[in-house]
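Summary of structural features
Listed here are the chains, written in short residue letters.
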Amino acid sequence: MKCKANSPVLTLKEPVVLGRDSPSSTISTHSQHLSLKSLKKFNKLIQVHHVPPLHTRCVATSAIREARNKAQFIDSVAETTGFNVEVLSGEQEARFSYLGALQFLPVFDNSVLNVDIGGGSTEFAIGSRGKVDFCLSLNLGHVTLTQQNFVDEEAERVLNMRKYVRKVVKESGLVERVKNFSFEVAVGSSGTTRAIEKAVFKGYAYGWDFVNNEAFLRECKREWRFSREELKSVVERLCKGGEKHKESRDGFFKRKSESITAGGILLEEIFDLLGIKEMLVSGYGLREVVIADTLAKVFGDGYDLSSNARFQSLLRLATRFNDKTKTASAAELRG
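1. Examining the packing of helix H4 (residues 90–104) against helix H13 (residues 286–299)
Remark: H4 packs on H13, axes separated minimally by 8 Å, with the N-to-C direction vectors making an angle of 90°. One way to sum up the angle between H4 and H13 is to call them roughly perpendicular. Listed contacts from H13 to Glu93, Phe96, Ser97, Leu99 and Gly100 of H4 are Leu286, Val289, Val290 and Asp293. Among the residues making up the contact of H4 with H13, the classes are represented as five nonpolar, two polar and two charged.

Have a look at this one:
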């Protein structure tokens, strides 16, 4: 399959949010149906593009890792699509997210604390020069926090959510272990962190008209970072009640609107507990590293994700093959 260098053949997302309609650690029948429907669609596209099975990877994270009916769901996927679901451990997630940051930001020589907020868990990793010294996964995610019953009254709900997050983090021993290892740079590599950075950049916290200011913002340099104060300003606005603020939140954050408030509160508490003053934001995360890891295994050539390299260099390697060798893109499906 011939394609332009550095250009994916196809990028497709279908947000299912497996744990959305099930407060318990069980994947509901409805969520299973949506997941299988999406996976069948992906499978059809993979076949259309003639991607060999060995070049295809189906990866699952927290929602399936913690589900009571995990085995039944994995069997259903295999029977329906032929995909073998690879369930990543929390530690694998943390390591991959850190390696993704190395591919996006010039932090290889720094001691990096990487924070990856997902729907059902948050992964922490401290590493330097591609080596992970410490990693931990906590069952704190923006979806699970949103669904948890912290009472209906908004102010009390926010306060109770903050107390719960601090309790879980403190009981995990994370604060002490981060102090023992220490870090120079904090990096966020999740959709939540990128959404917060975008809100800072576009002036959401200050009520700017982000729709009519697009032309102006295109001329501004995006720094891919935000401070504790900027995070606080965004979260303060996210926590405001009323229909007007809800409309503004929905308009800006789109599909992330439902759980962005919980994600922002979680991130703000992490900043406070771990003493983070500023966070760099990685445009790459788990998805990109799983793809790169798969390409590295398929095409070999000694590519090392832990090295001071960039993901684009591996993509260039993958596109050097001619038509006869039928170069195929690695497909990664994240559960």
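2. Description of the pattern of salt bridges
If the charged atoms of two oppositely charged side chains come close together, the side chains can form a pair. Taken as a whole and assessed by the stated rule, the structure comprises 16 salt bridges. A salt bridge links Lys167 to Glu171, with the shortest nitrogen-to-oxygen separation between them at 3.2 Å. One end of the pair, Lys167, and the other, Glu171, are both in helix H6 (residues 154–172), four residues apart, so they sit about a helical turn from each other. In this structure Lys167 comes out as partly exposed when scored by relative accessible area, which is 48%. Judged by relative accessible area, Glu171 falls into the exposed class, the value being 59%. Residue Arg225 is joined to Glu278 by a salt bridge in which the shortest nitrogen-to-oxygen separation is 3.1 Å.

3. With respect to the pairing of strand S5 (residues 131–138)
In this structure, strand S4 (residues 122–128) lies alongside S5, joined through seven bridges in antiparallel fashion. Within S5, the position partnered with Ile126 by the bridge is Phe134. Hairpin connection between S4 and S5: a loop of two residues separates the two successive antiparallel strands, and Arg129 in this loop has a positive phi of roughly 55°.

4. Quick notes on the packing of aromatic side chains
Aromatic ring pairs: the centre-centre distance and the angle between the two ring planes describe each pair. Within the structure shown, the criterion is met by eight aromatic pairs. Ring centres 5.4 Å apart and planes at 70° place the aromatic pair Phe104 and Tyr284 in the edge-to-face group. Of this pair, Phe104 sits in helix H4 while Tyr284 is found in the loop between strand S8 (278–281) and H13, placing the two residues 180 residues apart along the sequence. Owing to a relative accessible area of 15%, Tyr284 belongs among the buried residues under this scheme. When the ring of Phe134 is compared with that of Phe181, the centres are 5.4 Å apart and the planes differ by 20°; the resulting orientation is stacked. In this pair, Phe134 sits in strand S5 while Phe181 sits in helix H7 (residues 174–181), placing the two residues 47 residues apart along the sequence. For Phe134, a relative accessible area of 2% corresponds to the buried category. On the basis of relative accessible area, Phe181 is assigned to the partly exposed category, the value being 35%. Taken together, the aromatic side chains of Phe104, Trp224 and Tyr284 make up a single cluster linked through ring pairs.

5. A few points about the pairing of S8
The pairing of strand S6 (residues 185–188) with S8 spans three bridges and is classified as parallel. The partner of Ala186 across the bridge, within S8, is Met279. Pairing of strand S7 (residues 225–227) with S8, which is carried by three bridges, proceeds in the antiparallel orientation. Residue pairing across strands places Phe226 opposite Met279, the latter belonging to S8.

So, how was this worked out
- Residues numbered from 1 in each chain as written.
- Predicted model: local features only at pLDDT ≥ 70, side-chain atom pairs only at ≥ 80, totals over all residues.
- Heavy atoms only, no water.
- Axes fitted to C-alpha atoms, helices over the stretch in contact; angles between N-to-C directions.
- Helix = DSSP H or I, 4+ residues; strand = E, 2+ residues; numbered from the N terminus.
- Parallel < 35°, antiparallel > 145°, perpendicular 65-115°, else oblique.
- Contact = heavy atoms within 4.5 Å.
- Nonpolar A, V, L, I, M, F, W, Y, C, P; charged D, E, K, R; others polar.
- Salt bridge = Lys/Arg side-chain N within 4 Å of Asp/Glu carboxyl O.
- Buried < 20%, exposed > 50% of the residue type's maximum accessible area, 1.4 Å probe, protein only.
- Pairing = 2+ DSSP bridges.
- Phe/Tyr/Trp six-rings, centres within 6.5 Å; stacked < 30°, edge-to-face > 60°.

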